[in-house]
Amino acid sequence: MLSRPSATVAKRFASAAAKTAGVQERTTVLESGLRVSSVELNGATSSIVLAFRAGSRYQPANKQGLTHLIRNSVGRDAENYPGLALVWNTAQNGGQLTAVSNRDVFAIEVNVVRDQSPIALSLLGQLGNNAFKPWDVEDVKHDTLPADSTYLTGTTIAFEQLHQAAFRNGGLGLSNYSVNNISTKDLTAFAEQRLLAGDAVLVGVNVDHDTLVQAGSSQFPLAQGTAAQAAPAKYFGGEVRKDGRGARTYVAIAGEGSAITSVKDVATQAVVAQILLTAAEKVTSEAISVNVNYQDAGLVGVQFAADNTNITAVTKSIAAAIKSANANGLDTAKSTAAIKVLAEAQNASGVALEKATQVLAGVEASPRDIADAIRAVTAQDVSQT
């Protein structure tokens, strides 16, 4: 399992390559349907991601938090290997293992020193093949879920509630955290339906593309097939409130954004998000941006917090500020938004996750492409958003 894969690559695989500003990107589709993408940043560390089109929008409405439990189960026993051995070997080879999920994607990531990437690939292939043994599932529920609840900040809860208000009972409105009455059978059924090669992508940043292809074709025992598509997202808008203890209140205000599939719309939204953030920061230094793009929808706005005694005044002031925001500071907003995109592109881990999300959504756009699109945004584009 830990042997280095051969550099031999089957000629029958179709691939495409693109170079942008010294960054080389290639994508290959294997016979199993698994897509393999590499991004070469010439860095000393590698980030490898196995991602599935299996975010929280795909879970049954009466099983919210199912993807949360799957995420927390990463590192438990695989079909053919004990989880402890997989995690131990990852750490022994200097790897850092993480699992993440959002509304579109569930992903497992290993970050290692570059020359350890072949070994990390062999481990990742098994980490993505969870057996969901009943005793492991019960341990995960008992050991991790109570701890997770302590990390749910007011900002995170407000962000979750924002989606519920925006998308109501649609897939994007389902919780990415709450766990309701989920069994081993539920996890296994979800995995059989969604953790499939045809709905997966293997991404390597600073990993030889041929090595990725060889590993993807021989060391990732994924079931073949393609899952059903999610119901199209529908934006409703509205208001959701959640009572809680504490001396502070957390608020999120956002409007309908764009899908990730349009580079121009994503770029325009990034500029709008920066304009709104600048307006909100004139009211409070605690303002942060809401700028998310999913495969068929998005949200753009701001989040903030204040003491309970001041939250009404702060909310009214921010609402008025973002309502009156305009494109007067367009050039500054464009520069700031473009710099953010390019700065994030220096982080191999972030690039790997973003690339995985893009490939699963059918998008081919490098950070440079997005930055260029941001610089091309006009005042008319902003006003029409």
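Residues numbered from 1 in each chain as written. Predicted model: local features only at pLDDT ≥ 70, side-chain atom pairs only at ≥ 80, totals over all residues. Heavy atoms only, no water.

- Going by what an unreviewed UniProt entry lists, the chain is known as Peptidase M16 N-terminal domain-containing protein and is assigned to Caenorhabditis nigoni.
- Check the Subcellular location (unreviewed entry) section of the UniProt entry for the chain; it says "Mitochondrion". (UniProt positions renumbered as here; feature names shortened; annotations may be inferred.)

**Things to note about the overall build of the chain**
- When helices and strands are counted, the chain shows 13 helices and 10 strands.
- Expected size for 385 residues packed as a compact globule is a radius of gyration near 21 Å; at 21 Å, the chain falls within 12% of this value.
- With the C-alpha coordinates of the chain rotated into their principal frame, the extents come out at 60 × 50 × 35 Å.
- For the chain, buried positions account for 50% of its 385 residues.
- In the chain, once contacts between residues fewer than 6 apart in sequence are set aside, the share between residues at least 24 apart is 79%.
- Approximately 17900 Å² of the chain is accessible, and the part contributed by carbon and sulfur atoms is 50%.
- A distance of 4 Å separates the average location of the 32 positive side-chain charges in the chain from that of its 34 negative side-chain charges. (Helix = DSSP H or I, 4+ residues; strand = E, 2+ residues; numbered from the N terminus. Rg over C-alpha atoms; globule rule 2.2 N^0.38 Å. Buried < 20%, exposed > 50% of the residue type's maximum accessible area, 1.4 Å probe, protein only. Contact = heavy atoms within 4.5 Å. Areas by Shrake-Rupley, 256 points an atom, 1.4 Å probe, with all protein chains shown as cover. Lys, Arg positive; Asp, Glu negative; His and termini not counted. Charge placed at Lys NZ, Arg CZ, Asp CG, Glu CD.)

**Here's the deal with the domain arrangement of the chain**
- Splitting the chain by domain gives domain 1 (24–219) and domain 2 (248–384).
- Centre-to-centre, using C-alpha coordinates, domain 1 lies 26 Å away from domain 2.
- At the interface, 35 residues of domain 1 touch 28 residues of domain 2.
- Interface area for domain 1 against domain 2, summed over the two sides, is near 2500 Å², with a carbon-plus-sulfur share of 68%. (Domains from an automatic or database assignment. Buried area = accessible area lost by both parts, 1.4 Å probe.)

**Considering unusual backbone geometry**
- A positive phi angle, near 50 degrees, is found at arginine 168, a position not held by glycine.
- Residue classification places arginine 168 among the partly exposed residues on the basis of a relative accessible area of 40%.
- With phi around 65 degrees, asparagine 206 is a residue other than glycine that occupies positive phi space.
- Here asparagine 206 lies in the loop between strand S7 (200–205) and helix H7 (209–218).
- Using a relative accessible area of 3% as the deciding quantity, one classes asparagine 206 as buried.

**Points about the nonpolar core**
- Membership of the largest hydrophobic core comes to 43 residues, with the highest contact counts inside it found for Leu34 and Leu202.
- Residue assignment for this core shows that the elements contributing at least two residues are strand S4 (45–52), helix H1 (66–72), strand S6 (106–113), helix H3 (117–127), helix H4 (134–150), helix H6 (184–194), S7 and H7.
- At six residues, the largest contribution of residues to this core is made by H3.
- Other than its neighbours up to four places away in sequence, leucine 34 contacts Thr28, Val29, Leu50, Ala197, Ala200, Val201, Leu202, Gly216 and Leu222.
- Formed by 35 residues, the second largest nonpolar core is a distinct cluster that contains Ile260, Ala280, Val314 and Ile318. (Core = buried A, V, L, I, M, F, W, Y, C linked by side-chain atoms within 4.5 Å.)

**Remarks on the pairing of S6**
- Of all the eight residues making up S6, seven are buried; the element is thus mostly covered by neighbouring parts of the structure.
- Here eight bridges tie S4 to S6, and the two strands are oriented antiparallel to one another. Bridge pairing links isoleucine 48 to valine 110 in S6.
- As paired elements, strand S5 (residues 96–101) and S6 share six bridges and run antiparallel to each other. From the neighbouring strand, alanine 99 faces S6, where its bridge partner is isoleucine 108.
- Count of turn residues in the S5/S6 antiparallel hairpin: four residues. (Pairing = 2+ DSSP bridges.)

**Quick word on the pattern of salt bridges**
- In the structure shown here, the tally under the stated rule is 16 salt bridges.
- Where aspartate 104 meets arginine 57, a salt bridge forms, and the shortest distance between an N and an O atom there is 3.0 Å. In this pair, aspartate 104 is assigned in the loop between S5 and S6 and arginine 57 in the loop between S4 and H1, connecting sequence segments 47 residues apart. The same class applies to aspartate 104 as to arginine 57, namely buried.
- Residue aspartate 381 pairs with lysine 264 through a salt bridge whose shortest N-O separation is 3.8 Å. With a gap of 117 residues between them, aspartate 381 in helix H13 (residues 379–383) and lysine 264 in helix H8 (residues 263–281) connect regions that are remote in the sequence.
- Owing to a relative accessible area of 14%, aspartate 381 belongs among the buried residues under this scheme.
- Lysine 264 sits in the exposed class, given a relative accessible area of 52%. (Salt bridge = Lys/Arg side-chain N within 4 Å of Asp/Glu carboxyl O.)

**Some remarks on helix H2 (residues 83–92)**
- Within H2, burial applies to Gly83, Leu86, Asn89 and Thr90. For H2, the angular spread of the buried residues around the axis is 135 degrees, confining them to a single face. Looking at H2, the residues exposed on the side facing more than 90 degrees away from the buried face are Leu84, Trp88 and Gln92.
- Against S5, S6 and H3 lie the buried residues of H2.
- Within two residues after H2, glycine 94 carries a phi angle of roughly 80 degrees, on the positive side. (Arc of directions from axis to C-beta.)

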